[in-house]
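Close look at the chain arrangement
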Amino acid sequence: MEPSLERTPNEASGSPNIRLPPNLVERLAPARRVVVLTGAGVSAESGVPTFRDAQTGLWARYRAEDLATPEAFARDPDLVWRWYAWRRGLVEAAEPNAAHHALARMEALVPEFLLVTQNVDGLHARAGSRRLVELHGDIRRTICSRERCVVELDRASAHDEHAPSCPRCGARLRPDVVWFGESLPEAALQQALTAAGRCDVLLSIGTSGLVVPAAWLVPVARDAGAAVGIINTDPSPAAFGVEQVIGRAATVVPQLVRRVWNEG
Ligand code: NAD
């Protein structure tokens, strides 16, 4: 299926009017069960870079995927800690954007709604989303690398150059995120897969769909008969039964909510 896109300038708001696939609008309007999967693209317009965009300046010599691993932390915990301290600073300075807010509104409009995010920035919760599964954790939380207990950090230690030690056992502290090669929290993953397998519509927004198991939600929903909509700035390879909207999440998602539910 060809990506459907038609941009016309919207003089009132200055943002482009996106032509939304009619089938997606028709399936969403009466939908009782909706699952939304989000990725780093949803937060890009809040100033939180995607992994592809993140490696600038100081960090240009590294691949994000090589820093977000247990092996990298074992090899050089201070390097990984500093990279996360930098990213945590970006997240703390960021505000939820129009896409986060529109998804929080969608939750109130759909009888059974679940927002599944791969993001670790906490922006969905800050926008008011409550039926939310954070598959990859939250970068603002710190845990002990041995016992995985949550440790409250003061501001200075959070931005320390060195990975601090656990006050209880002395092991290095780390961010409470799921690194490449680590398992996702089982209950959260099951909840997401179950919801995807029984939803009427699944929207996948701002994710490259390359990170599994989160990416499995799309085929699970589609194979169970759900309508699937992909919202991304880049086209995905054409796939049967998937509607694509090419555009920025902060432009497209509010327009979709307005169109389907007549909500501002
Ligand atoms: P990704 O970086 O692999 O893909 C981001 C996708 O968003 C790309 O397909 C890109 O085309 C699209 N995109 C960029 N700007 C967009 C916009 N304004 N609107 C719509 N789409 C846009 O991210 P991913 O798929 O989430 O997977 C990478 C992993 O990195 C995940 O595990 C995630 O936890 C982690 N990550 C999280 C954050 C965050 O929490 N904000 C940021 C970077 C990476």
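So, here's what we can say about the structure. The shown structure was predicted, so the numbers you read here are calculated from the model rather than taken from an experiment.

**Some remarks on the overall build of the protein**
In terms of regular secondary structure, the protein is built from 12 helices and 10 strands. Taking 2.2 N^0.38 as the reference for a compact globule, 264 residues should give roughly 18 Å; the C-alpha atoms of the protein span a radius of gyration of 19 Å, in line with that estimate. In terms of principal-axis extent, the alpha carbons of the protein reach across some 55 × 40 × 30 Å. Of all 264 residues assigned to the protein, the portion counted as buried reaches 50%. Counting only contacts in the protein whose residues sit at least 6 apart along the sequence, the fraction spanning at least 24 positions is 67%. For the protein, the computed accessible surface area is about 12600 Å², with 50% contributed by carbon and sulfur atoms. Averaging the locations of the 29 positively and 31 negatively charged side chains of the protein gives two centres separated by 2 Å.

**Considerations on helix α6 (residues 77-93)**
Look at α6: 24 Å from first C-alpha to last across 17 residues, which is about the 24 Å you get at 1.5 Å a residue. Taken together, the buried positions of α6 are occupied by Pro77, Asp78, Leu79, Val80, Trp81, Trp83, Tyr84, Ala85, Arg87, Arg88 and Val91.

**Some points on the layout of surface pockets**
Taken as a whole, the second largest pocket holds about 190 Å³ of empty space. Listing elements by their share of the lining of the second largest pocket, those giving two or more residues are α6, β6 (137-144) and α9 (155-158). Take the lining of the second largest pocket: its biggest share by element is 3 residues, from β6. Tallied by class, residues from the lining of the second largest pocket come to 4 nonpolar, 1 polar and 7 charged.

**Side note on the sheet that holds strand β4 (residues 112-117)**
Reading across the sheet, the 6 strands line up as β5-β4-β3-β8-β9-β10 and stay open at both edges, with parallel pairing between neighbours. What marks the edges here is a single partner per strand, and that holds for β5 (132-134) and β10 (242-246). In this sheet, neighbouring strand axes are inclined to one another by 15 degrees on average, regardless of whether the strands run parallel or antiparallel. Summarising the sheet, strand β3 (residues 33-38) and strand β8 (residues 201-205) pair through 5 bridges and their orientation is parallel. Across the sheet, residue Val34 finds its bridge partner in β8, namely Val201. Along the sheet face, helix α7 (residues 98-109) touches β3, β4 and β8 and points at about 150 degrees away from the line of β4. Contacting β3, β4, β5 and β8, helix α10 (residues 186-197) crosses the sheet at an angle of about 130 degrees to β4.

**Considering the site of the ligand**
Close contacts around the ligand come from 26 residues, with Gln118, Val120, Thr207, Ser208 and Asn232 the closest. Within the backbone of Val120, a nitrogen or oxygen atom sits 2.7 Å from an oxygen atom of the ligand. Thr233 places a side-chain nitrogen or oxygen 3.3 Å from a nitrogen atom of the ligand. The dominant element in the shell around the ligand, judged by the number of residues it contributes, is helix α2 (residues 41-44), at 3 residues.

**Some thoughts on α7**
Here α7 contains 12 residues, and its C-alpha end-to-end distance of 17 Å stays within 8% of the 16 Å for a straight helix at 1.5 Å per residue. Within the span of α7, buried status applies to Ala99, His100, Ala102, Leu103, Ala104, Met106 and Glu107. The secondary structure elements touched by the buried residues of α7 are β3, α2, β4, α8 (123-127), β8 and α12 (249-261). The N-cap residue of α7 is Asn97: its side-chain oxygen and the backbone nitrogen of Ala99 are 2.7 Å apart.

**With respect to the environment of Pro111**
Summarising the element assignment, Pro111 is placed in the loop between α7 and β4. Judged by its relative accessible area of 42%, Pro111 falls in the partly exposed class. Along the primary structure Pro111 and His159 are separated by 48 residues, whereas in three dimensions their C-alpha atoms are 41 Å apart. Apart from residues no more than four positions distant in its own chain, Pro111 is found in contact with Ala31, Arg32 and Arg131.

**Considering the packing of aromatic side chains**
Under the definition given, this model contains 5 aromatic pairs. With 6.2 Å between their ring centres and 55 degrees between their planes, Phe51 and Phe180 make a pair best called tilted. Of this pair, Phe51 sits in helix α3 (residues 51-54) while Phe180 sits in the loop between β7 (173-177) and α10, placing them 129 residues apart in sequence. The class of Phe51 is partly exposed, set by a relative accessible area of 25%.

So, how was this worked out
- Throughout this description, residue numbers start from 1 for each chain and increase along the sequence as written.
- Where totals are concerned, whole chains, interfaces and linings use all residues; where local detail is concerned, this predicted model gives features only for residues with pLDDT of at least 70, and gives and counts side-chain atom pairs only at 80 or more.
- Here the side-chain values reflect all heavy atoms present in the structure, with hydrogen atoms and water set aside.
- Strands here are runs of E lasting at least two residues and helices are runs of H or I lasting at least four, both read from the DSSP assignment and numbered beginning at the N terminus.
- Computation of the radius of gyration draws on C-alpha atoms, with the globule rule given as 2.2 Å multiplied by the number of residues to the power 0.38.
- Burial classes follow relative accessibility: with a 1.4 Å probe on protein chains only, a residue under 20% of its type's maximum area counts as buried, one over 50% as exposed, and anything between as partly exposed.
- Whether two residues touch is decided by their heavy atoms; if any such pair falls within 4.5 Å, the residues are in contact.
- Surface accessibility follows the Shrake-Rupley procedure with a 1.4 Å probe radius. Residue values consider only the protein chains on display as shielding.
- Residues scored as positive are Lys and Arg, those scored as negative are Asp and Glu, and His as well as the terminal groups of each chain are ignored.
- A charged residue contributes its charge at one atom only: NZ of Lys, CZ of Arg, CG of Asp or CD of Glu.
- The span one expects for a helix is its residue count, reduced by one, times 1.5 Å.
- Each cavity reported here is a set of points on a 1 Å grid over the protein atoms alone in which a 1.4 Å probe fits but cannot get out, each pocket an open set with protein on both sides within 12 Å along at least five of seven lines, and each lining residue one with an atom within 4 Å of a point.
- Grid points are joined across faces, edges and corners, and a volume is the space filled by probe spheres set on the points.
- Residue polarity is assigned by list, with Asp, Glu, Lys and Arg as charged and Ala, Val, Leu, Ile, Met, Phe, Trp, Tyr, Cys and Pro as nonpolar; anything else, Gly included, falls into the polar class.
- Here, any two strands with at least 2 DSSP bridges between them count as paired.
- What counts as an axis is a line fitted to C-alpha atoms, over the stretch in contact for a helix, and the angles between N-to-C directions run from 0 to 180 degrees.
- By convention in these notes, a residue is near a molecule or strand provided one of its non-hydrogen atoms lies within 4 Å of it.
- Two N or O atoms count as a polar contact when they lie within 3.5 Å, although within protein this holds only if one can serve as hydrogen donor and the other as acceptor, and sequence-adjacent residues are included solely when both atoms are side-chain atoms.
- Think of it this way: a Phe, Tyr or Trp ring, Trp meaning its six-membered ring, pairs with another when their centres are within 6.5 Å, and the plane angle makes it stacked under 30 degrees, edge-to-face over 60, tilted otherwise.

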